[in-house]
Amino acid sequence: AASPPLVAPAAERAPIPAAAEIESARELIRQAFEDYYADVAKSPRRLIDKLLEVADSGTDSTRRYALLIEAERVAVDAGELDAAVQAASVRATKFALDPAESRLQVLLAAGKSSRRDDERLADMCLELVDDALAAGQIEVADKAATEAVATAKRVERRERQAAAEERKRTGRSAAPAGKDDPPGATDEREAHRPSGDRVGGSHDRSGILRGPPRAGA
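Fair warning: this is a prediction, and the values are worked out from it, not measured in the lab.

## With respect to the packing of helix H5 (residues 81–94) against helix H6 (residues 99–110)
The contact between H5 and H6 brings their axes to 9 Å, and the two run at 150°. Taken together, the axis directions place H5 and H6 in an arrangement best described as roughly antiparallel. Crossing of H5 against H6: the hand is right-handed. Facing H5, whose interface residues are Leu81, Ala84, Val85, Ala88, Ser89 and Ala92, H6 presents Pro99, Ser102, Arg103, Val106, Leu107 and Ala110. Broken down by class, the residue content of the contact of H5 with H6 amounts to 9 nonpolar, 2 polar and 1 charged.

## Section: the pattern of salt bridges
In the structure shown here, the tally under the stated rule is 17 salt bridges. Of the charged contacts in the structure, one is a salt bridge between Glu70 and Arg30, with a shortest N-O distance of 3.5 Å. In this pair, Glu70 is assigned in helix H4 (residues 61–78) and Arg30 in helix H1 (residues 19–32), connecting sequence segments 40 residues apart. According to the relative accessible area criterion, Glu70 is buried, its value standing at 0%. In this structure Arg30 comes out as buried when scored by relative accessible area, which is 17%. For Arg73, the salt bridge goes to Asp77, with nearest N and O atoms at 3.2 Å. Remark: Asp77 and Arg73 occur in helix H4; sequence separation between them is 4 residues, near one turn of the helix. Accessibility expressed as a relative area gives 34% for Asp77, which makes it partly exposed. If you follow the salt bridges from partner to partner, you end up with Glu23, Arg26, Glu27, Arg30, Glu70, Arg73 and Asp77 in one network.

## Regarding H5
For H5, which comprises 14 residues, the first-to-last C-alpha distance of 20 Å matches the rise-based estimate of 20 Å (1.5 Å per residue) to within 8%. Residues of H5 that are buried include every one of Leu81, Ala83, Ala84, Val85, Ala87, Ala88, Ser89, Arg91 and Ala92, and no others.

## What about the packing of H4 against H5?
Across the interface, H4 lies against H5 with an axial gap of 8 Å and an inter-helix angle of 160°. Between H4 and H5, the crossing angle belongs to the class labelled roughly antiparallel. Between H4 and H5 lies a crossing whose hand is left-handed. Within the contact between the two elements, H4 uses Arg64, Tyr65, Leu68, Ile69, Ala71, Glu72, Ala75 and Val76 and H5 uses Ala83, Ala84, Ala87, Ala88, Val90, Arg91 and Lys94.

About the criteria used
Residues numbered from 1 in each chain as written. Predicted model: local features only at pLDDT ≥ 70, side-chain atom pairs only at ≥ 80, totals over all residues. Heavy atoms only, no water. Axes fitted to C-alpha atoms, helices over the stretch in contact; angles between N-to-C directions. Helix = DSSP H or I, 4+ residues; strand = E, 2+ residues; numbered from the N terminus. Parallel < 35°, antiparallel > 145°, perpendicular 65-115°, else oblique. Left-handed = near helix turned anticlockwise from the far one by under 90°. Contact = heavy atoms within 4.5 Å. Nonpolar A, V, L, I, M, F, W, Y, C, P; charged D, E, K, R; others polar. Salt bridge = Lys/Arg side-chain N within 4 Å of Asp/Glu carboxyl O. Buried < 20%, exposed > 50% of the residue type's maximum accessible area, 1.4 Å probe, protein only. Expected span 1.5 Å × (residues − 1).

Encoded structure:
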């Protein structure tokens, strides 16, 4: 698997835009790419690629943040896990977020998607566990391992389940008392915390990964 992109220290990256500014930017994005959104059920990758392309070329930081959030959400909803992680990784290179926490939140959201690829999800969770353990981010590793165990159980992959359970034990035995969160971890968790509902679905402080509710939810 490809290594996560190198990122500058959090203090050298752009700050997280205000929630109201992000939501306003998202509404404008949906209007600007209305035709792409109209076709998203048939061609989700077309919209995802467009959002990533515009985010890469733009200079407005709030709009870039909103574009990347939209790309993540659409990708998770469509089961395009690699694209969702790509968008999260780009977001963490541009803004003061913790990269491992960003990947974790995408993987946790993907675990709730009705279009998820459980085998790929289990593998990506295990990759994150390894990266997080190497970086000393024990809490991220533990959560990713827990998701890997649950996902491996769903597809009855006992070797993946055993690997995830072993990593959980490794991480917990290595956990230092009172270890501080890395820079950006708290911001990333807050960005995924529910804060209300709106027409068509719920959203949180930054609106990330909160699409319309699925039938029966």
